[in-house]
Structures are given as structure tokens and as C-alpha cells.
Amino acid sequence: ATANIGVVGLAVMGSNLARNLASREGNTVAVYNRTYARTEELITEHPEAGFVASESIDDFVASLTKPRTAIIMVQAGKGTDAVIEQLVERFEPGDIIVDGGNANFHDTIEREKRIAPTGIHFVGTGISGGEEGALKGPSIMPGGSEESYETLGPILESIAAVAEGEPCVTHVGTDGAGHFVKMIHNGIEYADMQLIAEAYDLLRTVGGLEPAAIADVFTEWNKGYLESYLIEITAEVLRQVDAETGKPFVDIVLDQAGSKGTGVWTVQNALDLGVPVGGIAEAVFARAVSSKPAQREAVQKVVTSRPDVQKVDSSFADDVSKALYASKVVAYAQGFDAIIAGAEKYGWNINKDKIAKIWRGGCIIRAQFLNRIADAYDENPDIATLLEAPYFADAVAEGEAAWRRVVSTAALSGVPIPGFGAALSYYDSLAVPRLPAALVQGQRDFFGAHTYKRVDKEGTFHTLWSGDRTEIETEGSSH
Ligand code: 6PG
């Protein structure tokens, strides 16, 4: 046995991760794929990696030094369990199985529980950064036991992206914590992408700019407070011209966005946790709306006229950038709220400041902005929301007027802005001293005697709506 780390599953993410591992001093990397042809292709294309290749899973396991450590990089769900079983059958107590796919954290918790009695460590790990990240340095979010991290940590630190001198990896928490945090990362990713897409739509439809000009605007934005990988690649996508038709690339792509599940999971789990993540949910729904051609066509048929687009001046792009920033702050605040609630429910000790730091590099949502989030939680880990942190409170206050102008301009112009709109409504819901929830309580009490609490005294009350409408005090608490 000569390899200190193995990779199972050599599709693009797996082979890039294996190459990344092999390029770091001290690592010898064993590789295995269900079909050997793929393994052969990889070792032939990359002799410099010095891979230890195996045709059989037995040889692969035998090629690993102890404690054996193998990272599974197969498509989440299907296939993952089969590979896990193969390894569990052959590994020994103290060995480590890492699932680096986008697994559902509930599955990870179950798998860990199932494997724990064997003494083998099972570590569900979020890995973000796409193909390039896997090769050059991703952001890595491992869960699993503290003990497994002693072996795994240094290996992951050797391949992770580096942001301001620190590797973008941390032991997130036990069992499913890593995959949970990766799921939230993806939820935020969905929101960020949707908000950027809405900004583009506004600049084009209301601002009258062509894709190439919008690309230039985004490139400018990428030098300021909106600096991020997603803004940077958006500019590149907008600058792309279709070779066949000469049209902007963005005009020849079918406008129906797909998804693989992590965004949906974020919202499903937020619902279970009772955490409002409207900004993220609207991004998930926006993809769903886009992919419903029947409904879109039906409404387009009955709609005879669309509103005139509002006239705007040269300050519009600046307004949009501020609306984008404020909405983005909301989406991240909601994402971190979900992390806090998940940590509480599942008993994870998650360091929010650390999570923000490992997202500064390598991952899809990487941005300078994450430094501000890290600072906020570093200053006070117990803030109720990121929106109360002085930096973000000031930033949102500064952009608030522009945010409102953009949302109203979009509404009057008929430009759909589910992300901007939901974010602003969420902000207003937190900011107003009173919500119409009092009326909802009244309605619930009217038809279902659900009871209510009063602002002026303790206790739980019910009004005799179908009687003389006097109020009685009831036992128990209102809910
Ligand atoms: C990443 C990405 C990556 C992938 C997601 C989202 O962090 O590297 O999030 O995991 O792109 O699966 O994909 P969908 O948009 O298809 O859900």
C-alpha cells in the first residue's frame, strides 16, 4: 500500500479532485472507477499525477495506507450507497469514508448512524467550486467525527482554496453538518444568481442596454462592493456571442432554468425549521416558473397588453446595484438564519464566522462580501440577524431608497422581480413596528377559536364571535 488517499468515481469532479490531491506535496492518490476505461483515460492523460490505479475495488482498498481514507465522488443518491457498501465491507475500524457528493444531509446522518457501529468513520463533505474549483482549490465543508478530521483535515487543507492565507476548509460539525451547510450554500447560490439575473433583466428591459453593455456594467460592479465570482462570470456569459447566429448567447438559450435539488432541499428544510428564507425560496420558484411553458404560454395568450416601461435616467444602473446589494444581504442573512436553526435542531456546534471565512474562496458564492459576514459574527456571534450588524444595517440604509425605486419601477414596468421584491418585503416585515399578523390572529380566533394574546396584559384570550362577542380568558397558550 502506497496511497494515503483514494478517490472513487472519476467523472469530471472526481478526476479533478484526484488531480488536485496528486499535485500537492505528500499525497499519493489511489483512483478507482466502476468502468476501468475511464480510469485508464485519466492515468494516460495525466501521467504527472502518479496515480495508483486499480481495476478492482479490492486492489483499490489494498493500495491505501492505514488509516485508509477514500473520497467518494459519484452522483449523489444513486450509486453512493453501493460504493459505500463496497468500502464498508473492506475497510477496518479507524478507516475513513468520505462522501464528497451533493448528498442530502438527512441521508448523511442516516449513513453515519448505520456505519458508526463498524468503527469506520463516515464523513459527509460539501465541496463547492465546480470543475475548476475541484482542480485548483475548492471550498470544503466536512462533517463527521472530530477524530476523522485529525487525519482528513490536513489532506483537505492541502487541496482547498486559500483566502487571505487561510485554507477554505473547516470541520463544520458532526454527522450531516457538512452537507447541511453545503445545502445552504447552494440555496444562497440560487438566490444570488436569481438576483443577478433580475438586475440584468432590469438593465436590459428598463435601462435599454444590450447584453454586451450590461457585461461592462457588471465588470464595473465587480470592482466595488458587489465584487464576487458570480458577478464576474455573469459578465463573461453576457459578453458571449453565439457563433452560429451572431446573436448574444443569452438570447439563444431557452429561458427555462433547471436544478438538481439542493435549492429545493434548502427551502424544504427551512420550512421544517420555521425559518423564513423567502429570498432563497423565490429563486427556487423562479426556476420552476421558468420551466412551466404551458402556464406561461396560456397567460401570454390572454394578456393583450403589457405595461409601458418606465422612463429612467442614467442613475438607474446605480440604483439597481444598490437594490442588488441590499437584496443579497437579505438572502445571506436568511441563509445564516437557517444554519443557526439547523445547528440548534441537529445539535451541531457550527461556527458562523468560520463558515463565512471558508466561503471567501473556492466556492461558487465566493466574494469579499463574506469577510463582512465573518466580521459581523466575529464581533457578536449572538446577533439575531445579519441585518442588525452595524456594517449591514448601514449598507442597507444607504441603499434603501434606491431599492424601493427599483422595486416600484419594476412593478410599474411589468418586469418580474421575485427576488428583489421578496427581499424588500422581508426587510420591511422586520422593520415595521406592527404587522398585520394581529388581524390574522383575529381571523383564526373567529373561525377556529385559536385564541390570541393581547399587547396590554398577560394571558390567552378568545372572543365569543358567534355569541355576544365578549372576550374570555382561556387556559393554555395561544398558538
Ligand atoms: C457548487 C455548486 C454545485 C452545483 C450545484 C447546483 O457549489 O460547486 O453548487 O454543487 O452547481 O449542484 O446545481 P443546480 O443549479 O443544478 O441545482
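Because the structure is predicted, anything quoted here is derived from the model rather than measured. (Residues numbered from 1 in each chain as written. Predicted model: local features only at pLDDT ≥ 70, side-chain atom pairs only at ≥ 80, totals over all residues. Heavy atoms only, no water.)

**Q** Summarise a nonpolar patch on the surface; cite the residues concerned and give the values.
**A** Together, Val237, Phe249, Ile252 and Val253 give the surface a local cluster of nonpolar side chains, amounting to about 280 Å² of exposed area. Considering the arrangement of structural elements, one finds Ile252 in helix α11 (residues 249-252). When its relative accessible area of 37% is taken as the criterion, Ile252 is described as partly exposed. (Patch = residues over 30% accessible without salt bridge, like charges linked within 9 Å, V, L, I, M, F, W, Y side chains within 5 Å. Areas by Shrake-Rupley, 256 points an atom, 1.4 Å probe, with all protein chains shown as cover. Salt bridge = Lys/Arg side-chain N within 4 Å of Asp/Glu carboxyl O. Helix = DSSP H or I, 4+ residues; strand = E, 2+ residues; numbered from the N terminus. Buried < 20%, exposed > 50% of the residue type's maximum accessible area, 1.4 Å probe, protein only.)

**Q** Break down the environment of Ile159 for me, citing the residues and quoting the values.
**A** One can find Ile159 in helix α7 (residues 146-159). Given a relative accessible area of 1%, Ile159 falls into the buried group. Along the chain, Ile159 and Val169 lie ten residues apart, while their C-alpha atoms are 9.3 Å from each other. Beyond its immediate stretch of four places on either side in the chain, Ile159 contacts Leu17, Asn20, Leu21, Arg24, Gly137, Pro138 and Ile140. (Contact = heavy atoms within 4.5 Å.)

**Q** Pulling in residues and values, what's your account of the nonpolar core?
**A** Ranked by internal contacts, the top residues of the largest apolar core, which has 92 residues, are Leu202, Phe218, Trp221, Trp359, Ile373, Trp403 and Phe420. For this core, the element with the highest residue contribution is helix α15 (residues 316-346), accounting for 16 residues. Counting residues in hydrophobic clusters, the runner-up holds 27 residues, among them Ile5, Ile96, Leu156 and Ala160. (Core = buried A, V, L, I, M, F, W, Y, C linked by side-chain atoms within 4.5 Å.)

**Q** Describe the sheet that holds strand β2 (residues 29-32), and please don't skip the residues or the numbers.
**A** Strand order in the open sheet made by the seven strands is β3-β2-β1-β4-β5-β6-β7, with mixed pairing throughout. In this open sheet, the two strands that pair with only one neighbour each are β3 (52-53) and β7 (139-142). Of the strand pairs in this sheet, strand β6 (residues 121-128) and β7 are connected by four bridges, and their pairing is antiparallel. Note on β7: the bridge partner recorded for Gly126 is Met141. (Pairing = 2+ DSSP bridges.)

**Q** Quick one: what's the story with the pattern of salt bridges, residue by residue and with numbers?
**A** Applying the stated rule across the entire model yields 28 salt bridges. Lys136 is the partner of Glu132 in a salt bridge, and the nearest nitrogen-oxygen pair spans 3.7 Å. Of this pair, Glu132 and Lys136 both sit in helix α6 (residues 130-136), four residues apart, roughly one helical turn. Note on accessibility: Glu132 and Lys136 belong to one class, exposed. Its salt-bridge partner being Asp428, residue Arg404 comes within 2.7 Å of it at the nearest N-O pair. Taken together, the residues Arg404 in helix α18 (residues 390-413) and Asp428 in helix α19 (residues 418-431) connect sequence positions 24 residues apart. Of the residues examined, Asp428 reaches a relative accessible area of 24% and is grouped as partly exposed. Each of Asp81, Glu85, Asp99, Arg111 and Arg114 takes part in one network of salt bridges that share partners.

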